[in-house]
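Each chain, written out:
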Amino acid sequence: QRYRLVIPVFSMVIFTAAAYQSSFPSVEYWDPKPVPVSANQAGEIFIPKKGEINLEDGKLHKYLFKQGDREARFFVLMTPAGQLTVVLDACAICKPDGYGQAEGTVICYYCVTLIPLETVGKPGGCNPVPVPFTEKADGVAIGGMTLINTWSTTVQATARVVEGGK
């Protein structure tokens, strides 16, 4: 009689383990700590393609720019098409919790939306907000004020709406 209970109990253990695994997936995201950057006298932030960080490795690389009491988080990513893109570490519709990267996607930490790498740098939805930049032979150049203003008008406004609406 006890042996008849083995199969249902074993099945219940397997089911419980599967339910736990689906609720808490073991996917690990690449989420580097933002590297502080500064602007030169002309107000331009320059990030070299190669050096301590290799922008062409296909991983997102986060940066933090501060100017006075204002700051902006952004990342640089080489898309699968081989194009560098510069985007805010936030989208226009969610709280600015940032993004992580998994195989073939970035994920919005606030709403857990997966965004294909091919669309990073394009506006809309939960995609990271694109930032105007200039690609040079040895790196990317971003206007410091443009970055701060883009963060302020997009992300800070969204953060207030999201917090006020809850």
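Residues numbered from 1 in each chain as written. Predicted model: local features only at pLDDT ≥ 70, side-chain atom pairs only at ≥ 80, totals over all residues. Heavy atoms only, no water.

Attention now goes to the pairing of strand 2 (residues 44–48). Because side chains alternate across strand 2, one face comprises the buried residues Ile-45 and Ile-47, and the other comprises Glu-44, Phe-46 and Pro-48, none of which is buried. Note that strand 2 and strand 11 (residues 139–143) share five bridges and pair antiparallel. Counted as the bridge partner of Phe-46 is Ala-141 from strand 11. (Buried < 20%, exposed > 50% of the residue type's maximum accessible area, 1.4 Å probe, protein only. Helix = DSSP H or I, 4+ residues; strand = E, 2+ residues; numbered from the N terminus. Pairing = 2+ DSSP bridges.)

Attention now goes to the sheet that holds strand 10 (residues 134–136). Ordered in space as 2-11-10, the three strands form an open sheet in which the pairing is antiparallel. In this open sheet, the two strands that pair with only one neighbour each are strand 2 and strand 10. When strand polarity is set aside, the average angle formed by the axes of neighbouring strands in this sheet is 25°. As paired elements, strand 10 and strand 11 share three bridges and run antiparallel to each other. Residue Thr-134 lies in a different strand from strand 11, and its bridge partner there is Ala-141. (Axes fitted to C-alpha atoms, helices over the stretch in contact; angles between N-to-C directions.)

The strand order 1-3-4-5-9 describes an open sheet built from five strands, whose pairing is mixed. Each edge of the sheet is formed by a strand with only one pairing partner; in this case those strands are strand 1 (35–37) and strand 9 (128–130). When the angles between neighbouring strand axes are averaged without regard to direction, this sheet yields 40°. Both strand 3 (residues 61–67) and strand 4 (residues 70–78) contribute to a ladder of seven bridges, which runs antiparallel. Directly across from Tyr-63, in strand 4, lies its bridge partner Phe-74.

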